[in-house]
Amino acid sequence: MVAIRIEFDDDEQYERLKALKKHRGLTWKGLLLEGEKKVREDIPE
C-alpha cells in the first residue's frame, strides 16, 4: 500500500473538501478517484 500526504493551502480549502467528501459519502481516496474521473472526462485523449 502506498500512503500519500496531502497539504492544503488553508483551513477553508480543507473544510470545503471535507464537506464535499462527507456529502458524497466518500473516503479521501474516493474523492481523489472521482476527481481523476472528472479530469479524464474533460480532457480528450
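For the structure, check the block above.
The shown structure was predicted, so the numbers you read here are calculated from the model rather than taken from an experiment.

Caption draft 1: Seen up close, helix 1 (residues 11-24). Compared with an ideal rise of 1.5 Å per residue, which puts 14 residues at 20 Å, helix 1 spans 20 Å between its outermost C-alpha atoms and is within 8% of the ideal. Between a side-chain oxygen at the N-terminus of helix 1 and the backbone nitrogen of E12 the separation is 3.2 Å; the capping residue is D10. In the segment just after helix 1, G25 is the residue with positive phi, at about 70°.

Caption draft 2: Local environment of a negative patch on the surface. A cluster of like negative charges, contributed by D9, D10, D11 and E12, occupies part of the molecular surface. One can find E12 in helix 1.

Caption draft 3: Representation of a nonpolar patch on the surface. On the surface, V2, I4 and I6 cluster together into a nonpolar patch covering about 350 Å² of accessible area. Along the chain, V2 falls in the segment before helix 1.

Caption draft 4: Looking closely at the packing of aromatic side chains. Under the defined criterion, the tally for this structure stands at 3 aromatic pairs. Between F8 and Y14, the aromatic rings sit 5.3 Å apart at their centres with planes inclined by 65°, giving edge-to-face as the arrangement. Judged by its relative accessible area of 29%, Y14 is partly exposed. Aromatic side chains Y14 and W28 sit 6.0 Å apart centroid to centroid with 25° between the ring planes, which places their arrangement in the stacked category. Taken together, the residues Y14 in helix 1 and W28 in helix 2 (residues 28-42) connect sequence positions 14 residues apart. The exposure class assigned to W28 is partly exposed, which follows from its relative accessible area of 33%. One aromatic cluster is present, built from ring pairs that chain together F8, Y14 and W28.

Caption draft 5: Structural context of the pattern of salt bridges. Per the counting criterion, the structure on display carries 6 salt bridges. Note that E15 and K18 form a salt bridge whose closest N and O atoms lie 3.5 Å from each other. One end of the pair is E15 and the other is K18, both in helix 1 and 3 residues apart, which spans about a single turn. On the basis of relative accessible area, E15 is assigned to the partly exposed category, the value being 40%. Overall, K18 belongs to the partly exposed group, its relative accessible area being 32%.

Rules used throughout
- Residues numbered from 1 in each chain as written.
- Predicted model: local features only at pLDDT ≥ 70, side-chain atom pairs only at ≥ 80, totals over all residues.
- Heavy atoms only, no water.
- Helix = DSSP H or I, 4+ residues; strand = E, 2+ residues; numbered from the N terminus.
- Expected span 1.5 Å × (residues − 1).
- Polar contact = N/O pair within 3.5 Å; in protein donor to acceptor, adjacent residues only side chain to side chain.
- Patch = residues over 30% accessible without salt bridge, like charges linked within 9 Å, V, L, I, M, F, W, Y side chains within 5 Å.
- Areas by Shrake-Rupley, 256 points an atom, 1.4 Å probe, with all protein chains shown as cover.
- Salt bridge = Lys/Arg side-chain N within 4 Å of Asp/Glu carboxyl O.
- Lys, Arg positive; Asp, Glu negative; His and termini not counted.
- Charge placed at Lys NZ, Arg CZ, Asp CG, Glu CD.
- Phe/Tyr/Trp six-rings, centres within 6.5 Å; stacked < 30°, edge-to-face > 60°.
- Buried < 20%, exposed > 50% of the residue type's maximum accessible area, 1.4 Å probe, protein only.

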